[in-house]
Each structure stands twice: as structure tokens, then as C-alpha cells.
Amino acid sequence: MSILISPSILAADFANLQKEVEMLNSSEADYIHVDIMDGVFVPNISFGIPVTEAIHSHAKKPLDVHLMIVNPDNYLESFRRAGAEIISVHYEACAHLHRTVQAIHSLGAKAGIAINPHTSVNLLEEIIADIDVVCLMSVNPGFGGQKFIENTYSKVSRLRYLILEKGSSAKIEIDGGVNLNNAPKLIASGADILVAGSFVFSSTNPQQTIANLKSI
Ligand SMILES: O=C(CO)[C@H](O)[C@H](O)COP(=O)(O)O
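The written sequence of each chain sets the order in which its residues are numbered from 1. In keeping with the predicted nature of the model, local features appear solely for residues at pLDDT of at least 70, side-chain atom pairs appear and are counted solely at 80 or more, and the whole-chain, interface and lining totals rest on all residues.

Taking an unreviewed UniProt entry as the reference, the chain is identified by name as Ribulose-phosphate 3-epimerase belonging to Algoriphagus boritolerans DSM 17298 = JCM 18970. For the record of the chain, the UniProt heading Sequence similarities (unreviewed entry) holds the text "Belongs to the ribulose-phosphate 3-epimerase family." UniProt positions are given in the numbering used here, feature names are shortened, and annotations may be inferred rather than shown by experiment.

Now the structure itself:
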């Protein structure tokens with residue numbers, strides 16, 4: 001199981017962001033999850049390429065960049081140059097998803113597809129064998145600190161079945177409202193990667209909270 005942590009960028013000033021990245025460097029987090037929001041695909045704006053570069057320049061962990069944006073194809077190269085190892089785009093934002101996945105791979109990055117809570121995992125049937133990660137949104141994207149949607153457990157199980165059926169090596173990533181209460185059941189349902197933001201950063205000892213999640 002891998003653990004990815006989203007720096008609490010929406011509230012952070014730059015000095016705080018740097019401190020958070022340094023904390024993550026010495027934690028058991030496997031990746032740093034970077035949430036890019038454009039105010040169009042989601043009703044919130046985070047930051048873009050220069051801040052991703054700044055995170056990368058301080059990070060000792062690889063960056064998993066989650067593009068919650070329309071027209072992601074226009075920015076794949078820039079985010080790859082800014083340090084993204086994994087680039088995830090939204091199913092709902094891509095008319096030519098197979099081409100987008102090919103473009104991510106041609107840049108030497110791993111390709112992820114994120115799906116919103118209302119989107120069925122069955123829609124990935126024809127592309128699951130070509131991707132590295134499926135990011136199941138367990139909240140409606142746009143804000144940290146939301147309540148985990150319980151239907152996610154059955155989506156994980158159905159996705160795990162689809163992955164086996166298609167002989168895919170895609171990892172299942174869960175993003176939104178992850179905490180120590182739901183993490184064991186997510187893992188038992190078939191999740192490989194957990195993304196956590198507010199649960200970690202609102203705890204009194206973020207490094208210990210990451211270690212607790214990692215130990216499940
Ligand atoms: O990207 C998100 C929403 O768009 C996620 O919720 C975020 O990455 C994780 O934050 P939290 O653990 O607070 O839900």
C-alpha cells in the first residue's frame with residue numbers, strides 16, 4: 001500500500017507549504033499528491049505550474065499530479081517538466097482519453113485516470129489495460145476536508161474485479177476524506193494507494209498520522 005499526501009495548499013502561504021513538503025520528505029509518505037484546480041472543471045482554484053515546480057524543487061518524494069482541469073492535454077508537457085511522475089486526468093474532462101493517455105506515456109510519466117463519484121467504473125473497461133492508476137474520487141472534487149462517500153467501497157471492489165478480468169496492472173487510488181476509520185475497509189476492498197490531506201494536516205502529529213495510515 002502506498003500513501004500519498006496532499007499538502008494543504010489551499011490555505012497555505014509559501015513558507016508553510018515549504019515546511020509541509022519538508023515534513024513529507026522525512027515522513028513515510030510514498031508520494032506527494034499535488035491537486036491542480038482550475039475554477040472551471042471544479043469550483044475552486046489552487047495553483048499551477050510554477051508552484052508545482054517549487055514543490056518539486058523541495059520534494060524528495062515523487063509528485064503525483066492530479067489535474068482537476070478542463071483541456072488537460074494543453075498542459076501535460078508543462079506539468080511533466082515541472083516534475084510530475086504520475087499525471088492523472090479526469091475521465092469527465094477528456095473527449096479523447098486514449099490519446100491523452102498516450103501523450104502522458106510519451107512524456108515518460110505514468111498515466112492515471114480520475115473518476116468522479118457519479119462516474120461508473122465500467123466506463124473504464126476499454127482503457128483499463130492501458131493505464132497505471134485509477135484515482136477514485138471519494139468526495140466531489142474541489143475541496144479538502146469533505147466527508148467520505150460510502151459508495152466508494154463497492155466501486156473499489158468492482159474496479160478490482162475489472163482490473164483482474166482485463167489483466168491490467170493499474171493501481172487503485174482513493175482520494176477524498178480518507179482517515180484511519182475508512183482506510184482498513186478500503187484496503188480490504190482492494191485499494192492500493194490512499195490519498196490523505198486534512199486528516200494528516202489537522203492532526204497534532206502529521207508524521208505519526210502518516211505512519212499510522214501506512215501501518216494498516
Ligand atoms: O482533491 C481533493 C478534493 O478535490 C481531495 O479531497 C484532497 O486531495 C484530499 O483531501 P482530504 O483528505 O482533506 O479530502
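Resuming the write-up.
Caption draft 1: Just the nonpolar core, in detail. Structurally, a nonpolar core is described as a collection of buried Ala, Val, Leu, Ile, Met, Phe, Trp, Tyr and Cys residues joined by way of C-beta atoms within 7 Å. A residue is called partly exposed when the number of other C-beta atoms within 10 Å of its own lies between 12 and 20, exposed at 12 or fewer, and buried at 20 or more, with C-beta atoms placed from the backbone. Core analysis: the biggest nonpolar cluster contains 59 residues, and Val65, Ile87, Val134 and Leu194 have the highest contact counts within it. Contacts here follow a simple rule: the backbone-placed C-beta atoms of the two residues must lie within 7 Å. For Val134, the residues in contact, after removing those within four places along its chain, are Gly112, Ile113, Ile115, Leu124, Leu159, Ala170, Ile172 and Glu173.

Caption draft 2: Spatial organisation of the UniProt feature "binding site: a divalent metal cation" (unreviewed entry) in the chain. In the numbering adopted here, UniProt assigns the feature "binding site: a divalent metal cation" (unreviewed entry) to His33, Asp35, His66 and Asp175. In sequence the annotated residues extend across 143 residues, while in space they remain close, none of their C-alpha pairs exceeding 10.5 Å. The way it works is that DSSP assigns letters per residue, a run of H or I at least four long becomes a helix, a run of E at least two long becomes a strand, and they are numbered from the N terminus. With respect to the secondary-structure elements, His33 resides in strand 2 (residues 31-37). With 27 C-beta atoms packed within 10 Å, His33 lands in the buried category. By the element assignment, His66 lies in strand 3 (residues 63-68). Residue classification places His66 among the buried residues on the basis of 29 C-beta atoms within 10 Å. Among residues more than four places away in sequence, those in contact with His66 are His33, Val34, Asp35, Ile36, Ser88, Ala114, Cys135 and Asp175.

Caption draft 3: Broad picture of the site of the ligand. By definition, a residue lies near a molecule or strand provided its backbone-derived C-beta atom is within 6 Å of it. Near the ligand there are 19 residues, and of these Pro141, Gly144, Gly176, Gly197 and Ser198 occur at the shortest range. Contributing elements (two or more residues each) for the shell around the ligand: strand 2, strand 8 (193-196) and helix 7 (198-201). Ten residues, namely Ala, Val, Leu, Ile, Met, Phe, Trp, Tyr, Cys and Pro, are considered nonpolar, four, namely Asp, Glu, Lys and Arg, are considered charged, and the remaining ones, Gly among them, are considered polar. A class-by-class count of the residues in the shell around the ligand yields seven nonpolar, ten polar and two charged.

Caption draft 4: Main features of the environment of Cys135. Turning to its location among the elements, Cys135 is positioned in strand 6 (residues 133-137). Overall, the presence of 27 C-beta atoms within 10 Å leaves Cys135 in the buried class. Measuring from C-alpha to C-alpha, the distance between Cys135 and Ile113 comes to 5.9 Å, with 22 residues separating the pair along the chain. With residues up to four places along the chain from it excluded, the contact list for Cys135 reads His66, Ser88, Gly112, Ala114, Glu173 and Asp175.

Caption draft 5: How the structure looks around the environment of Ser78. Looking at the secondary structure, you find Ser78 in helix 3 (residues 76-81). Separated by 82 residues in the primary sequence, Ser78 and Arg160 have C-alpha atoms spaced 32 Å apart.

Caption draft 6: Focus on the pairing of strand 8. Along strand 8, one buried face is formed by Ile193 and Val195 and the opposite face, lined by Leu194 and Ala196, is buried too. We call a crossover right-handed when, viewed with both strands directed away from the observer, the connection leading from the first strand over the helix to the second proceeds clockwise. On the question of chirality, the crossover connecting strand 7 (residues 171-175) to the parallel strand 8 by way of helix 6 (residues 183-189) is right-handed.

Caption draft 7: Molecular detail of the UniProt feature "binding site: substrate" (unreviewed entry) in the chain. Feature annotation in UniProt places "binding site: substrate" (unreviewed entry) on Ser8, His66, Gly142, Phe143, Gly144, Gly145, Asp175, Gly176, Gly177, Gly197 and Ser198, given in this structure's numbering. Within the fold, Gly142 resides in the loop between strand 6 and helix 5 (152-166). For Gly142, a count of 19 C-beta atoms within 10 Å corresponds to the partly exposed category. Discounting chain neighbours no more than four positions away, the residues touching Gly142 are Met37, Val42, Pro43 and Asn44. Looking at the element boundaries, Gly176 is found in the loop between strand 7 and helix 6. Those residues in contact with Gly176 that sit more than four places away from it in its chain are Met137, Ser138, Val139, Gln146 and Phe148.

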